[in-house]
Amino acid sequence: MPENDREQTARPPSVGIVGAGLAGLRCADVLLQHGCKVTIFEARDRIGGRVAQSRHLGHLVDLGPNWIHGTKENPIYTIAKTTGTEIRGWDEEEALFDPEGNLIDAKEAEEYAGLLWDEGLIAEAFKYSKEFQDSIDPNRSFYDFLVEKVEGLFSDEDIRDADRKRKTLLRVARMWGAYVGSPVERQSLRCLWLEEVIECENLFVAETYHKILNEVAKGAVAGAELRLNSKVIRISSHENQGGGTASLYTEDGRFDFDEVVVTAPLGWLKRNQQAFDPSLPPRLSQAIDNIGYGTLDKVYITFPSAFWDVPLPERRSAHHSIDPHGTTPNVTAITAPVHQPPDGKESKHYAGFTHWMAPAYASDTNAQGWDQEGMNLAALPESCAHPTLLFYVYGDCAVYIAEIVAKAQSDAERDEKLLQFFKPYFSLLPNFDPANPDCEPTAVLATAWANDEFAGYCSYSNFQIGLEDGARDIETMRYGMPERHIWFAGEHTAPFDSSGTTTGAYVSGEAAAKRIARASGCVINGTGDRRTNEA
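Worth saying up front: this structure is predicted, and the values here are computed from it rather than measured.

Before going further, it helps to spend a moment on unusual backbone geometry. Following Asp277, the chain continues into Pro278 via a peptide bond in cis, with omega recorded as 0°. In this structure, Pro278 sits in the loop between strand 13 (276-277) and helix 10 (282-290). For Ala448, which is not glycine, the phi dihedral falls at a positive 55°. Phi at His485 takes a positive value of approximately 65°, unusual for a residue other than glycine.

This part covers the sheet that holds strand 10 (residues 246-250). Each strand in a sheet pairs with another by means of backbone hydrogen bonds, the pair being arranged parallel or else antiparallel. Read from one edge of the open sheet, four strands run 11-10-9-13, paired in mixed fashion. Edge positions in the sheet fall to strand 11 (253-257) and strand 13, since each has one partner strand and no second. As paired elements, strand 10 and strand 11 share five bridges and run antiparallel to each other. Note that in strand 11 the partner of Ala246 across the bridge is Phe257.

So, on to the pattern of salt bridges. If you walk through the whole model with that rule in mind, you get 23 salt bridges. For Glu108, the salt bridge goes to Arg164, with nearest N and O atoms at 2.9 Å. Of this pair, Glu108 sits in helix 3 (residues 106-117) while Arg164 is found in helix 6 (residues 159-172), placing the two residues 56 residues apart along the sequence. Here Arg254 makes a salt bridge to Asp256, at a shortest N to O gap of 2.7 Å. Asp256 sits in the partly exposed class, given a relative accessible area of 28%. Look at the salt bridges and you will find they share partners, linking Arg26, Asp29 and Glu510 into a network.

Quick look at the sheet that holds strand 12 (residues 259-262) now. Taken together, the five strands give an open sheet; going across it, the order is 8-2-1-12-21, and neighbouring strands pair in parallel fashion. Each end of this open sheet is capped by a strand with a single partner; those strands are strand 8 (225-227) and strand 21 (486-488). Strand-to-strand twist in this sheet, taken as the mean axis angle between neighbours without regard to direction, amounts to 20°. As paired elements, strand 1 (residues 14-18) and strand 2 (residues 37-41) share five bridges and run parallel to each other. Residue pairing in the sheet places Val18 in a bridge with Phe41 of strand 2.

Definitions and cut-offs
- Per-chain numbering applies: the sequence of each chain, read as written, is numbered from 1 onward.
- In view of the model being predicted, local features appear only for residues whose pLDDT reaches at least 70, and side-chain atom pairs are presented and counted only at 80 or more, with totals across whole chains, interfaces and linings using the full set of residues.
- Neither water nor hydrogens contribute to the side-chain values; these are computed over all heavy atoms in the structure.
- Numbering of helices and strands runs from the N terminus, with a helix taken as a DSSP run of H or I at least four residues long and a strand as a DSSP run of E at least two residues long.
- Strand pairing is assigned whenever DSSP identifies at least 2 bridges connecting the two strands.
- A pair is scored as a salt bridge if a Lys or Arg side-chain nitrogen falls within 4 Å of a carboxyl oxygen belonging to Asp or Glu.
- Burial status follows relative accessibility: with a 1.4 Å probe on protein chains alone, a residue under 20% of its type maximum counts as buried, one over 50% as exposed, and anything between as partly exposed.
- Between N-to-C directions, angles cover 0 to 180 degrees, with each direction set by a line fitted to C-alpha atoms, over the stretch in contact for helices.

Set out below in structure tokens:
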């Protein structure tokens, strides 16, 4: 039945929501404002989904997202400001260590950043992807494009220096893996344009997402029935079985509703398509299979003090902005994010980001030579700073780190193995001395989303090689099955400019709620003025 031809009833529609992440919470809030009766089923013992915090290190850190991607008409940015959440831009200077563990000259490192970002290769790749998307070989990767373009660079330099610089630039480009949760060799060139996000700055949530989560959850917690520790095992849309047109099944039994919204992560959907009865339509099932799901995890390591936090040699005297003219599309950048708000102040800190490229010196613990990328959290605003390094790991490396966590027989064994893996990298930082107690970690925390059933054993959606029409796949999941009274929300159904972000989750939940309200003929009681998607 088309969603705009739904039979109207006098009683408020009942809606069951699967998942209490940002999408589910925002969806519930809007539905409640439209007069609906809402029940939220959450498999965890808490709300927030992949937005969660921990005090394991002795201070609050985010287990899930750390960033707000883009500030132009971004509701999450608006909520951050409304709640007084401390957010900040970063000095994009990145310290680069070569495969032998040597710090690359700061001017040369800046040259690589300029070639990639400042009206450079990344902007060119996005433009090419958007213009020729229909004719690009689906198996051609973003990395393939970079290899071709880099071949023509440094041609006026000594042959050996030119070859070294080309190899180094391609190694620097591997930072893309930390943006999408998969190696750059897996990034679809055909669908690269879909990785662009909301315009303007990318900001780090220095105070964590806890205030933002509480604000988003406020309406749902107050007005909905919230069933924690309720794992949904079946989603049915058989009609005339008594009471409702859609049903959810948990270990506690069956629950009937007029409408059901599934906000479970894409990874969960990929592994649990059999939970739908009847089976999903072939096109929807195919869309779920087609879109990639990245594995991005984090490891926090805290020390007694930030022994490394001194300015780099030959450091720029003031805050530098990668892509100062805004010609590079904004992306979900984590390491070396573009479009940072310049402050013009001389930094007293070590570089915001460090990239240990293809570390040959760590073969005992990292035989595959996985790149490592870390952030200096001592450079946060004084009220939020702490002596912590935040490592982003992705792909096979993230899976390996998660296996360390899963297989450890004790907390002590887990921490010892994690520190053994990361020590070759933090030991290269300035002032490291194994005899100095300040250089001995006090705590370590691995997020290990790759072990998490309810996150789908990964992190968030992306667009990998082999994908024919990612935009249409997203639209198919976004549309859902309104004729069967089943709808979908989550970052994997978001508008293209917020896919894979907290903003995407939020606006997708709002959009699903408004569609249900229109289909049910609900009266609007006020949904606020936050940005929405009417798809």
